[in-house]
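Descriptive structure summary
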Amino acid sequence: MNLGNFYFLIDDYFIDFPDTKLMSNKETVHGIAHDRPCFYAVYDEATSIYWLVPFSSQLTKFKGIYQKKIDRYGKCDTIVFGEVLGHEKAFLIQNICPALPSYIKN
């Protein structure tokens, strides 16, 4: 795995670790299944585990959630906004999940 790249999980991850809070693994667009969500990987040398941060293009939704947290708590440390391939995305720290390299699809 290369630092700074984005990755997808294999279906077995969602079978081995069923969790209704995890984002689903497939999105259907025009009848074709596409990998989703896409993750930014951070490697933890102490545990040899990758921490995967999903990101979303649903900016309106997540900017609203972000602002509600700012209004309520004065800060938001669960959502971070950044650019991916020249487009703004919401990085969902709140949905981070651990994975071993064997669960990384591509």
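Shown above is the structure to which this text applies.
Residues numbered from 1 in each chain as written. Predicted model: local features only at pLDDT ≥ 70, side-chain atom pairs only at ≥ 80, totals over all residues. Heavy atoms only, no water.

1. Re the pairing of strand β6 (residues 79-84)
- Across six bridges, β6 lies against strand β7 (residues 87-92) in antiparallel orientation. Looking across to β7, one finds that Phe81 is bridged to Ala90.
- Taking the residues that link successive antiparallel strands as the turn, the β6-β7 hairpin has two residues, and the phi of Leu85 there is positive, at about 50°. (Pairing = 2+ DSSP bridges. Helix = DSSP H or I, 4+ residues; strand = E, 2+ residues; numbered from the N terminus.)

2. Here we look at the packing of aromatic side chains
- The tally for this structure, following the rule as stated, stands at nine aromatic pairs.
- Plain terms: the ring middles of Tyr13 and Phe14 are 5.6 Å apart, the flat faces sit at 75° to each other, and that makes the pair edge-to-face. Take Tyr13 and Phe14: they sit in the same class, and that class is buried.
- Between the aromatic rings of Tyr13 and Tyr103, the centroid separation amounts to 5.4 Å while the plane-to-plane angle is 85°, which identifies the pairing as edge-to-face. (Phe/Tyr/Trp six-rings, centres within 6.5 Å; stacked < 30°, edge-to-face > 60°. Buried < 20%, exposed > 50% of the residue type's maximum accessible area, 1.4 Å probe, protein only.)

3. Here's the deal with the environment of Tyr40
- Residue placement: Tyr40 occurs in strand β4 (residues 38-44).
- For Tyr40, a relative accessible area of 31% puts it in the partly exposed group.
- Counting along the chain gives 34 residues from Tyr40 to Phe6, while the straight-line C-alpha distance between them is 4.9 Å.

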